[in-house]
Amino acid sequence: MSVTYTAELSVREETVLFLSGLLHGQRQRLGTRSGTRSLSCLKQAILVIRWFLDGTRVKQLAIDNQVSSSTGYAYLHEGIRVLAAHAPGLESVLLAAKMAGYAHVNIDGTLIETDRCRTPGPTPGVDLWWSGKHDNHGGNVQVITAPDGWPLWTSPVRPGREHDTTALREHGILPLLTAWTNDQRRVLGDLGYEGEADTITTAFKKPRNGTCTDVQQQFNKAHNGVRAIGERGNSLLKTTFKALRNVSLCPWNIGRITAAALVLLHVEHNRTT
């Protein structure tokens, strides 16, 4: 015996139609003939957005749409790819931030948890995706936000074992951030980026067996008060999209999934900068 019920997506109709349009364009590029797909572009868009918003299991999405689980996964991955392809590049994001008159942007790393484990890492006996800092498996994603904490850009994923500074260097984005700091603009970060203090402004670290000076303490208080607002971006992404709280797909897809979520967030709120 099965029970049916109605549900409502907590997004604007424009957001669903935006994704439906992207999927329609993808089918045209692939030369997909009319009537050969199990779901229309609109129903596929709803399937994808349900997964992002509610973290609905793909098996349940497949049952609800009367398709096989393999077809459900194929539709989901296709939706993630077309959304991520529209994610903004860092260079264009920083240019838009400059034109918006921002005096600074924030950078902060976040761990997107995953239940995929037992992948050997470079350290014997330690999984590749294990984060000792967070005591969990996950992927490290760097997020750049506006002064008010609005997320502007998300990076590709790096294994959770990597430090924020290491992940930042691996992405090769430091030259762009360095160029942004010209004309008295700043990139604010926490002490996780102290290794790149020439580019990223961080608080003063307390000396071993000592204390910060009064001036340093005042600076730290002002800096942390402004920088902490940037953490809103990570929270906004994870609270809006339950799929980002724990990704059961391949961990190397976490960066693409986060970028796709960012696009949905921008479209839903009609804001990019």
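Model, not experiment: these values are computed from the prediction.

Rules used throughout
- Residues numbered from 1 in each chain as written.
- Predicted model: local features only at pLDDT ≥ 70, side-chain atom pairs only at ≥ 80, totals over all residues.
- Heavy atoms only, no water.
- Axes fitted to C-alpha atoms, helices over the stretch in contact; angles between N-to-C directions.
- Helix = DSSP H or I, 4+ residues; strand = E, 2+ residues; numbered from the N terminus.
- Parallel < 35°, antiparallel > 145°, perpendicular 65-115°, else oblique.
- Contact = heavy atoms within 4.5 Å.
- Nonpolar A, V, L, I, M, F, W, Y, C, P; charged D, E, K, R; others polar.
- 1 Å grid on protein atoms, 1.4 Å probe; cavity = no way out; pocket = protein on both sides within 12 Å on 5 of 7 lines; lining within 4 Å.
- Points joined across faces, edges and corners; volume = space filled by probe spheres on them.
- Domains from an automatic or database assignment.
- Buried area = accessible area lost by both parts, 1.4 Å probe.
- Salt bridge = Lys/Arg side-chain N within 4 Å of Asp/Glu carboxyl O.
- Polar contact = N/O pair within 3.5 Å; in protein donor to acceptor, adjacent residues only side chain to side chain.
- UniProt positions renumbered as here; feature names shortened; annotations may be inferred.
- Patch = residues over 30% accessible without salt bridge, like charges linked within 9 Å, V, L, I, M, F, W, Y side chains within 5 Å.
- Areas by Shrake-Rupley, 256 points an atom, 1.4 Å probe, with all protein chains shown as cover.
- Buried < 20%, exposed > 50% of the residue type's maximum accessible area, 1.4 Å probe, protein only.
- Core = buried A, V, L, I, M, F, W, Y, C linked by side-chain atoms within 4.5 Å.

### Things to note about the packing of helix 1 (residues 13–30) against helix 4 (residues 69–84)
Next up, step 1: For the pair helix 1 and helix 4, interaxial distance at closest approach is 10 Å and the crossing angle is 100°. One element, helix 1, and the other, helix 4, form an angle in the roughly perpendicular class. Contact residues: helix 1 offers Phe18, Leu19, Leu22, Leu23, Gln26, Arg27 and Leu30, while helix 4 offers Tyr75, Glu78, Gly79, Val82 and Leu83.
Next up, step 2: When grouped by side-chain class, the residues that make up the contact of helix 1 with helix 4 number 8 nonpolar, 2 polar and 2 charged.

### Examining empty space enclosed by the protein
Next up, step 1: If you walk through the whole model with that rule in mind, you get 1 cavity of 30 Å³ or more.
Next up, step 2: If you add up the space inside the largest cavity, you get close to 40 Å³.
Next up, step 3: Of all the elements in the fold, those that place two or more residues in the lining of the largest cavity are strand 1 (104–113) and helix 9 (232–240).
Next up, step 4: Considering each element in turn, the lining of the largest cavity owes the most residues, 3 residues, to helix 9.
Next up, step 5: The class makeup of the residues in the lining of the largest cavity is 4 nonpolar, 3 polar and 1 charged.

### Thoughts on the domain arrangement of the protein chain
Next up, step 1: Under the domain assignment used here, the protein chain contains domain 1 (13–85) and domain 2 (90–249).
Next up, step 2: Here the C-alpha centre of domain 2 lies 31 Å away from the C-alpha centre of domain 1.
Next up, step 3: Opposite the 9 residues of domain 1 that make contact, domain 2 presents 5 residues.
Next up, step 4: Contact between domain 1 and domain 2 buries roughly 600 Å² in total, counting both sides, with carbon and sulfur atoms accounting for 77%.
Next up, step 5: Per-residue buried area on domain 1 facing domain 2 is highest for Trp51, Phe52 and Leu53; these three make up 66% of the total on that side.
Next up, step 6: Our count for the domain 1 to domain 2 interface comes out at 0 salt bridges.
Next up, step 7: On the surface where domain 1 and domain 2 come into contact, there are 3 residue pairs in polar contact (both at pLDDT 80 or more).
Next up, step 8: Elements with a contribution of two residues or more to the side of domain 1 that touches domain 2: helix 2 (41–54) and helix 4.
Next up, step 9: When the residues that make up the side of domain 1 that touches domain 2 are grouped by side-chain class, the tally is 6 nonpolar, 2 polar and 1 charged.

### Here's the deal with the UniProt feature "domain: DDE Tnp4" (unreviewed entry) in the protein chain
Next up, step 1: Here the UniProt feature "domain: DDE Tnp4" (unreviewed entry) sits at residues 107–264.
Next up, step 2: From the first C-alpha to the last, residues 107–264 spans 20 Å; its make-up is 31% helix and 19% strand.

### Here's the deal with a nonpolar patch on the surface
Next up, step 1: A cluster of nonpolar side chains, Leu17, Leu42 and Ile46, forms an exposed patch at the surface whose accessible area comes to about 230 Å².
Next up, step 2: Along the chain, Leu42 falls in helix 2.

### Here's the deal with the pattern of salt bridges
Next up, step 1: Counting across every chain of the model gives 9 salt bridges.
Next up, step 2: With a shortest N-O distance of 3.1 Å, Arg37 and Glu78 are connected by a salt bridge. A residue pair is termed long-range when its members are at least 10 positions apart, and Arg37 in the loop between helix 1 and helix 2 and Glu78 in helix 4 qualify at 41 residues.
Next up, step 3: Arg37 sits in the partly exposed class, given a relative accessible area of 23%.
Next up, step 4: With a relative accessible area of 5%, Glu78 lands in the buried category.
Next up, step 5: The partner of Lys205 in a salt bridge is Glu194, with the nearest N and O atoms 3.4 Å apart. Of the two residues, Lys205 is situated in the loop between strand 7 (200–201) and helix 8 (214–227) and Glu194 in the loop between strand 6 (186–188) and strand 7; the sequence distance between them amounts to 11 residues.

### So, the nonpolar core
Next up, step 1: Membership of the largest hydrophobic core comes to 65 residues, with the highest contact counts inside it found for Trp51, Phe52, Leu83 and Phe241.
Next up, step 2: Ranked by residues supplied to this core, first place goes to helix 10 (residues 254–269) with 9 residues.
Next up, step 3: The two domains that each donate at least three residues to this core are domain 1 (13–85) and domain 2 (90–249).

### Considerations on the side chain of His137
Next up, step 1: For His137, the location among the structural elements is in strand 3 (residues 136–145).
Next up, step 2: Judged by its relative accessible area of 12%, His137 is buried.
Next up, step 3: Here Asp127 takes part through its side chain, which lies 2.8 Å from a polar atom of the side chain of His137.

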